[in-house]
Structures are given as C-alpha cells and as structure tokens.
Amino acid sequence: MNTTKQVTRQIGKMVKVCALSVTLMSTFFMPTASAADGDFVESSPYKTPKIYGHTYSFYSGILRGDSSKLTIRAYSKVLADTTVPTGSMGQQAVLHDSTGRLVTASDMKYNDESLKGFYVYSPYLYDSTGKYYARSIAEFYNGSGYNTYNGNKSPIMTLNLNTMSLSEDKDIEEIILKEEYDVNNNGETYGSLLSEYTIGEAPDLISAVGTNGEEGYVRAEDLTPEVSSIEEALEQEIENGEVRTIPLYDVDGETVIGEFELETEFEYITDTE
C-alpha cells in the first residue's frame, strides 16, 4: 500500500518528466530576492495547495557569513497562511556544489510550538570557492501523515577569492533533467539529490562530500528519516546547534569511507510578516 509520500512522489514524477524541460528556466532560474551587498540570495517561493486546512510558502537560500565572502551556508524558510499547531511543518536546508553533490545540510526540523513560520540553517562551509546552490525539503502534516515537497532551488552562487556573483550552469540543468538514476551491484540507485526534481524520488544513495573531503554517498533514510505522525516527528526533536553524524559510503552502499555531519540552527517567526 502506497504511503502519502510515495503517492505524492509518483504523481510528481509523471508531471515533472513531461513539463520540467519546458519550465526549467522560468521556474528554477527565475528572478529571486537578493541583498544589495550580496549577503544572501533566495529562490522564488514554492506555494503548496491547501493541506489539512492550511497553505504554505517555502524558500531556498544561501547566506554569506559575516566575516568572509567565502563563508556560506544554506537556509530554508517556511511561512504558513496563519499560525499552525505544533508539528504541522518541517523543513531541511541543503547546500550543493555545481556537480550536484551534497556539501552541507541541516536535519529535518519540525515546529515544536505553534508558529507562523521559521528558518532552518545548514552549517557554514568555510573558505569555499566555486559554484553552489541551495535547496529546501519541506514536510506538511495532512491529518494522517506528511506531504513532502522539494523547494525551488536558489540561484547558483559563484565564489572566487575576491568576488561573488550569480550565474546559471548547463551542468546543473543536465542533472535536473536526468530521467533515471544509476544502479549499483546491489540494485540500489545512486546519484544527485537534484535529479529528484525530474525523477520524482530521491536515490537510495545520495552523492555527498564527507567531513574530511571524501567523495561518497549518504543514505536517503539517514539524511531525512521518514515519519508518519506528529508524535514521531517530535520524537526526532533537535536542539538549536545540534550535530548528528551519519555514515558516508562507497558506491556499493556497504563500505563506510567517512562521515557526513548534519548541523541544525533555527529561528522562529512568531509575528505576521
């Protein structure tokens, strides 16, 4: 029997494979918010249909560190149409490089009190040069489980030693439009989480860069554990600044070659902005 998540992903796959190549430039690379001094960039909002009586908008962004233009982190922001009950919404912020690999990520954070919205931040990536983009994963309670959505990705931020700029990247477009994952000898899919936009579900093994620079894969269920109730979501409650470590695997999904750290900071929005 399909779960709500599986049904949502199957429907998304059928729609996205047909439409994504047409809407790619207008949706994922459309004009976005940015600070005049380059402190942050933010995607256009992903707006949900009504879910258990509420609608939501959520965003993906990159925030520059105060001390260096080469220090950045991803953030996710979700806003409900009104104050919603505890456990109604969850979000996860992830930062990717231009090859689609996961370089930093937060845990999935659920609201543990009634809120209008909140921010979630991934850990900082220090002394970073190259091209990066952020994306968000959001979950919303539907009365019997959670609907999962992938947010619009942020603009690609190109970081050089003395400059920071925004750009588009053909390699990223190719990753987005990939229609199937590669499969290892154990029958498990592997690849970039970005391809989920088209394929409709995450690979079993998600390409990532470990804490010591190792290139490998993290398991999807380790990165974002699945929950089916508000009680389960709140059992995973994390403290502000908490760090959780998960294994980094070789492509076989068995050989552990390192670690990947999930560090989560969050900030609640309690007013009506």
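Residues numbered from 1 in each chain as written. Predicted model: local features only at pLDDT ≥ 70, side-chain atom pairs only at ≥ 80, totals over all residues. Heavy atoms only, no water.

## Remarks on unusual backbone geometry
Part 1 of the reasoning: Even without being a glycine, Tyr52 presents a positive backbone phi close to 50 degrees.
Part 2 of the reasoning: Among the secondary structure elements, Tyr52 is positioned in the loop between strand S3 (46–47) and strand S4 (56–64). (Helix = DSSP H or I, 4+ residues; strand = E, 2+ residues; numbered from the N terminus.)

## Focus on the environment of Glu254
Part 1 of the reasoning: Within the secondary structure, Glu254 is located in the loop between strand S18 (242–249) and strand S19 (256–269).
Part 2 of the reasoning: For Glu254, a relative accessible area of 56% translates into the label exposed.
Part 3 of the reasoning: Taking the C-alpha atoms as reference points, Glu254 and Asn186, separated by 68 residues in sequence, lie 9.3 Å from one another.
Part 4 of the reasoning: Setting aside its immediate chain neighbours within four residues, Glu254 contacts Asn186 and Tyr249. (Buried < 20%, exposed > 50% of the residue type's maximum accessible area, 1.4 Å probe, protein only. Contact = heavy atoms within 4.5 Å.)

## Thoughts on the nonpolar core
Part 1 of the reasoning: Residues Leu102, Ala105, Tyr146, Val218, Leu223 and Phe260 are the most contacted members of the largest nonpolar core, which totals 21 residues.
Part 2 of the reasoning: Counting residues per element, the ones that place at least two in this core are strand S7 (102–105), strand S10 (130–141), strand S16 (205–209), helix H4 (220–223), helix H5 (230–235), S18 and S19. (Core = buried A, V, L, I, M, F, W, Y, C linked by side-chain atoms within 4.5 Å.)

## A look at the environment of Leu193
Part 1 of the reasoning: Along the chain, Leu193 falls in the loop between strand S15 (189–191) and helix H3 (196–199).
Part 2 of the reasoning: With a relative accessible area of 3%, Leu193 lands in the buried category.
Part 3 of the reasoning: Residues Leu193 and Ala220, 27 residues apart in the sequence, show an inter-C-alpha distance of 9.0 Å.
Part 4 of the reasoning: Leu193 has contacts with His96, Gly100, Arg135, Ile137, Ala202, Pro203, Ile206 and Leu223, leaving out every residue within four places of it along the chain.

## Let's talk about the pattern of salt bridges
Part 1 of the reasoning: Per the stated rule, a full pass over the model turns up nine salt bridges.
Part 2 of the reasoning: A salt bridge links Arg64 to Asp39; the shortest N-O distance between them is 2.4 Å. Within this pair, whereas Arg64 is found in strand S4, its partner Asp39 is found in the loop between strand S1 (33–34) and strand S2 (40–42), the two being separated by 25 residues in sequence.
Part 3 of the reasoning: Exposure remark for Asp39: the relative accessible area of 25% places this residue in the partly exposed category.
Part 4 of the reasoning: We note a salt bridge from Glu237 to Lys109, for which the minimum N-O separation is 2.1 Å. Highlighted residues: Glu237 in the loop between H5 and S18 and Lys109 in strand S8 (residues 109–110), separated in sequence by 128 residues.
Part 5 of the reasoning: Via salt bridges that share partners, Asp97, Arg101 and Glu215 belong to a single interconnected network. (Salt bridge = Lys/Arg side-chain N within 4 Å of Asp/Glu carboxyl O.)

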